[in-house]
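# Observations on the model geometry
This is what each chain is made of:
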Amino acid sequence: MWLLPLLAALPDAVAAGFQAKTMRAPMSAVEVERPLVIGKGWLEASFGYDHKFADGAWSSEGEAVQWESARWLYTTERLGIRYGFTRSTEFYWDIPFHYARLKNDVLGTDTDGFGIGEPKFGWKWELFNRSVPTTSLVLDLQYKMPTGQETAGTYVGGPNTFGTIPMSTGQADLAAFLRAKQQFGPLAIEGSVGWVNRFSGVSQFVVEVDQYQFSGRFKPGSEVRAELSPMLQLGPVALHGNVVWRQWFEAAVGTTAEGFFVDENLDPIAGSDGYAVDAGGGVVVNVTRGVDVLASASVPIRGEDLLFFPLESISPTRGPTVSTSVELRY
Amino acid sequence: MWSSLLLSAALFAPAPAFAKNVFAQNHPDLDWYSIETEHFVVHYPQSRKVEDNEHYLTAKWTAQRSAKIAEEMFPRMCAEFNYYLKERVHIVILNQGDDLEGFTVPSWDWIEISANPGADFYRWRSRMDWLPDVLVHEFAHVVSLKANSAFGEGAFGLMVGGLYNEGVGNTMTGAEVMVGNNEPWYWTEGGAEYWSDESGYNWWTPARDRTIRMSVLEERLLSWDEWKTVQQQHGWWDGERGYQQGYSFGLYLRERFGNDTYEKFALENQKGFTFDWNDHLEEVTGVNGEQLYEDWRAFVTEKYTSRFAALRAEGETAHRELALERYDWEYTDPTGRDRFYDPRWARKTGVTGETLARRAREVAKEATGRWQMNPKFSEDGKWFGVNNGGQFEINPLSEGSFAALSGVVHQDSGVGERAARQSTVFYAPGAFGHDWDFVPGKDAVVVVASEHFEQDANDTLLRLRPEVDGYDWKNLWYLPIELTEVKEGNLTVTGVKPRKEFGVEHPRFPKGGYRIPNTARGVDPSVSPDGKKVAYFEYTDGNHNLVTINIDGTDKKLLTSFNDGTWMQRVDWSPDGKTLALAMFRQFQEDVYLLDADGSNVRALTFDRWEDNDPEWTRNGDLLFASDRTGIMQIYRWEHATGRILQVTNTIGGAEAPAETPSGAVVYLAYHANGNKVEGVQPADFLEKDVSADFVLDAPPEAVKAAWEFREDLSMYESKPYKGQIMSPGGAPMIRVTNDSRDDLSLQAGGFFFVNDYAEDHFLYTEALMGEDWSARVQYAYSGWYPNLSLGALVGEYKIPFGYLLDDDDDLSTTGDQGVYEGKNQQYIGYLFAGIDYPWNPSWTSSIFGVGRTFGFRQTGDAEYAPYSAGVDVSFTQSYSSFGTTYATGANIRGGRVVDVSYGIGYNDIVYQAYGGRTVDDGELLDNYVYNKGEVRWVEQIPVPAWGGLLTEANKYRHTIQIDVNAGIIDRNVDRNDEFIGGGQHPFYWGSNSLRPNTLFAGYPAYSVSGETMAMINLAYRFPIRRELNAHIGPLYVYDVTAQIMGTAGNIWSYAPPDDPDSFYRNEYGERVAKDPGDLQREIPFVDVAHKNGNYLLYDAGAELRVTSTLLDSFGWNSFVRVTYGFNRVQGYGDVNGDDVSDTTESAVGDELSNEVEEPGFRFYVGLGTGW
């Protein structure tokens, strides 16, 4: 994928292989008209950055808690790839890297880390499509891979004194979403609802600390997720807002059971279920049909629980996130 | 605990360079140029060195002409599908070899064709206008397959695979499938012919008609299943049948449903992927595909049955095959086979059913004369010879020996065998299809063969001939017919004395034979009546010119000077030596010309719309030739005295390549559905019909002269130096399961991506897989110099869950103090590698491959990775493969060998800080060390010799013995990661269809056997259970089922650590360390017990079933089931018994062996679509 940004620097002759192809599906120049699959033959690479700063969390009762001295910076550097495999299906890869830093002036700790996070591989299948105006209904299957490093470092002093920041939960997710988009002239509404099934896995950050520091098996709570996003297209600029609701269920921890049903020995962790509601908005600038620039921001509205800090994907902290990305299409 | 410090990532070893798509060898002596047009870029090579270059070449004319044709065909072909390409298509012209090439990869916008159409391919298409034919055909592929593709062009499809290693059940199950576009062969290739026709570049020629006609009349039309699933089940002819039958089907559908029926199938498929492409037939026509096939079959059956009846009404000439004895199925006419169609066929093959019997009959018949061409009797009638698929067979047989010419059928079953014994045989590489000639007055012939013919003929076993420049062009060879009296028991026969090579007899290069100098790229020789001169055609840049030369290579004269795609075919000296006759295709017309032997006085014997070729003088000065005047190619005779043309033959299969026998009979080439054979017709049976009026015999000399002098102006197609344009990139998403334990999904997802340039000098490949384990590979290969060069890097991280049994009192019999604890480590690996490989010839390749590597660990609770080791090794490998440059991948390889000999030198530095930068192996403390490593692997495939009795039966049923020997030695004790490692593997690890004829010690767990000295042998006996089953079984279409039984013996030995407590101490991890490394004892193979596994020798035995099949009629799907039994109880490191729990009680760490053992027992391997 690194070849794509290099194209601009290559002489015409060498770049001949990346010429426009007849087979490519039509692609609207404006965001509001685009269906939820990228279309046959299109390859998209996106490079994005998310910046989250948190100085608080949600209590188990759902109250906003302000940390006294801790400051949590969680950034995501994203490489995304979408490929229109057929007219109605696409494969996509989302490969995140994270730089995270936790600073606590009272404890005098300053821990940071950078590494690959948890890539997602997905397949979208457009069940229904209509153009002018655009209607798109998509089944989105997604697999999350526990690629990132998952040790928390030495646990001397307990779990709040981890030496490194885990970038992975150490287990895989399989998710299914139903996504829909309906265009009304310059307006569009996009919504989705889905289930994230979280499998168990031996995770290096789950450590028994009594004896030999061996790992344990951990199963984060599976999750229901829903999202709603209105959009307004003004020329080459699309404005959008969004609300995301997540409800996750109890996590479980223990040791691996013999045989194929390896979760049998896991014990639920009381109070580990919770929810979060975030809201935000953003702008998409359609520079050309092949280049979009995106910027957005979101803030947490409501939520509860902070059991698995600093694993953002299963236990988000409370703080605003600003994002920007650029999408290049060939 | 730390047994997992073994480099499990060894599975992901770097690989050497990549091969080019066409030539095994590079041609750095060439410069490349490009011609750009609106829709195309045409690239062509030209030698940098012009003077004193015996391999000078250019393809400029072919490129210019291609540019013109391409732009002309573009709108017509795109209109067929209403699919006008936005992307430019690159056409690469090859002229480095003498063989026909023509292929395309549409998604790469790449067409590659050779300037040279090869020897005789177009005889079977009836059209010598090679360039537009092949170019339009390939461009039809580009447009039709792009229009058809359900997938985005960048992706070949979706690659899904996985391997589940179940250690407790000792089962390895792997599966792999690449789901991609699945259009059938008949539509792809037949369609390309059809659309060439639709766009005005092709037509249903008499030769195409012959293919279908004889397939109908001889009941060998491909079946519907063969149409859907079979590409070349019986070799090239089935491919050609697929071409022509698909073309014919397109014409039939056009008549029945309208002009764009074939195109609509593509447009339907484009809408979305379907597992059965043939559904589109019903979607478009409303009629089920199989029914359409049956309708077409009925149509052509009626058509050709009527044609045969009409020909018989005209008077069919009597004829029969030139066979010495009666075969099971002897032709006299297409229905003559019925006389011999009896139950013997069913008994011989062990199968029943008319189709199977017909197929078996065909296979047997093919062995008697497939690909026979250009039969000739010598001037004195002493010799009969024929080019049989590039193998010249010269027999001291008079024409009276043949029933076809004498009317006497030999009932003596030994006559054929004796004749075969008396024949001289030249395996002349490159001679396929070319004409040849006897040398009058001498027992010698002049033939076409490649320039290394003599070296190749004298060394058929080792093929040591080095090839530096990569050229192996055709030349003319003078070869004496060499006969010797040979005693065979009480019988003395005259025959050629074969050359013995390691006990194996081969035809030898005849004494006194030589390559005729100055005849590079010369073909179709004809020797003058005085035996002193040779007339032949010299090839350059898609073009032939007529040449005469003395038989010793002196006094070479070019009699023509064409450079415009003129193509000549068969030249012959008149009996008086004054006149040359030749057939020539020029300006869209193929006629017979006469000219004086000095090149002057050119005149056209025929100058008409018929395809006239194969001129051959008779002894009385008449001229035989072949013509498609009636729509069926027949032999005609031009009477010199009267100027009349008389039809000689009238047969339904047609006749070509005539030659007169001393008595005046005519032998010729006849087409049959199962190959072309030599037939003969006696003078009394000649048709002798005067057809002069149908030919144009009196062409005005000025018209002939004008046609000869016409030159097409292509100067507007200017070329520029090639700029290294890259092809459209290709790739595919990949989904893999690499589960090595029960308790994790280990699903990986990613993809590969690659790109070439059009001259194939540069190749870049990248691959990334994400999951709990991730890896990324980038590899670059350069093929623009004599050897191939490659560079690459491979990095990855791997997470390794494991269990660990703690036993407080180190006594497994007391379980109360035991506990299983879980762990999960992370490893990283990093490789940098570089390779050079040089293919000396198709059999020998030398390579140097260097790898720098490092790997390390992060344990639970570790903040950072800890490097374990860093090292580098360089290996020199000499490989020999009798299979040529590609691996043989059949289920039952019948003969041949692969031998790899390698020497490597390596350096390893253990840097793991937890061990103080050292490790212990076999009791020795290892810090950094240099080691030498030598290895030999020899895999020999031997057909069971036909030594009589059961052996002969076994040979007949294709039973094969396989011997696989592995031996190697490392000159010192090394860390286990540098040792030889054995144990059962699965082909999924190695990629589909790689040559792994057996896995080493399949009866034992993977990686369970290791050490510094390796010696093992595997013997296998393989035999088909069902050949050509050709039946649907569920989603599979099964071709063959093959069985193999095998067994392995041997071991891998290491160094034994000292047992005397005075000789070692325990380090902080409890490992034994020799006080004096000299106390380590190198284990002697076959004498000492290998302490790591506890055995003198390991044995296993097993059986395997291999299934060759197609999945869903579209995707190659070769599968196997293997069951092996390991007879020995083995011990080793870590999780020996495969339950994911390591049990090492003696010591918690390091080099000590596990308490676990793997008991004797079965191991199971299943591979679905993985190859074997």
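Residues numbered from 1 in each chain as written. Chains lettered and ligands numbered in written order. Predicted model: local features only at pLDDT ≥ 70, side-chain atom pairs only at ≥ 80, totals over all residues.

### Structural notes on the sheet that holds strand 10 (residues 384-388) of chain B
Residues and elements named next belong to chain B.
- Read from one edge to the other, the open sheet built from four strands follows the order 9-10-11-12, with strand pairing classed as antiparallel. Of all the strands in the sheet, the pair left with one neighbour each is strand 9 (372-377) and strand 12 (424-427). Pairs of neighbouring strands in the sheet enclose a mean axial angle of 15°, with direction left out of account.
- Bridge count between strand 11 (residues 391-395) and strand 12: four bridges; the pairing is antiparallel. Pairing of F392 across the sheet is with F426, part of strand 12. (Pairing = 2+ DSSP bridges. Helix = DSSP H or I, 4+ residues; strand = E, 2+ residues; numbered from the N terminus. Axes fitted to C-alpha atoms, helices over the stretch in contact; angles between N-to-C directions.)

### Let's talk about the confidence of the model for chain A
Residue and element names in this part refer to chain A.
- Residues of chain A with pLDDT of at least 70 account for 92%, and the chain-wide mean is 89.
- Per-element confidence in chain A is highest for strand 13 (residues 223-234), whose mean pLDDT is 98, and lowest for helix 1 (residues 3-6), whose mean pLDDT is 45.
- In this model residues 1-10 is a low-confidence stretch, pLDDT under 50, and it forms ten contacts with partners more than four residues away in sequence or in other chains. (pLDDT = per-residue confidence, 0-100. Contact = placed C-beta atoms within 7 Å.)

### Focus on the interface of chain A and chain B
- With 49 residues of chain A at the contact, the number on the chain B side is 47 residues.
- At the level of elements, strand 4 (70-84), strand 5 (89-104), strand 11 (201-207) and strand 12 (215-219) of chain A are the ones that each hand at least two residues to the side of chain A that touches chain B.
- When residues in the side of chain A that touches chain B are grouped by element, the largest group, four residues, is from strand 11 of chain A.
- Of the residues that constitute the side of chain A that touches chain B, the class distribution is 24 nonpolar, 21 polar and four charged. (Nonpolar A, V, L, I, M, F, W, Y, C, P; charged D, E, K, R; others polar.)

### Observations concerning the environment of S47 of chain B
Residue and element names in this part refer to chain B.
- In this fold, S47 is placed in strand 2 (residues 40-47).
- Since 16 C-beta atoms lie within 10 Å of it, S47 is described here as partly exposed.
- Residues S47 and N458, 411 residues apart in the sequence, show an inter-C-alpha distance of 31 Å.
- When residues no more than four places from it in sequence are discounted, the contact partners of S47 are D29, L30, N53, H55, Y56, L57 and T58. (Buried ≥ 20, exposed ≤ 12 C-beta atoms within 10 Å, placed from the backbone.)

### Overview of the nonpolar core
- Formed by 163 residues in total, the largest nonpolar core has its most connected members in V42, I93, V445, V446 and V447 of chain B.
- Take this core: its biggest share by element is eleven residues, from helix 2 (residues 130-148) of chain B.
- Discounting residues that sit within four places of it in the chain, V446 of chain B has contacts with W436, D437, V439, L476, W477, Y478, P525, V527 and V534 of chain B.
- In terms of nonpolar packing, the next biggest core, distinct from the first, is built from 30 residues, I38 and L43 of chain A together with A150 and F273 of chain B among them. (Core = buried A, V, L, I, M, F, W, Y, C linked by C-beta atoms within 7 Å.)

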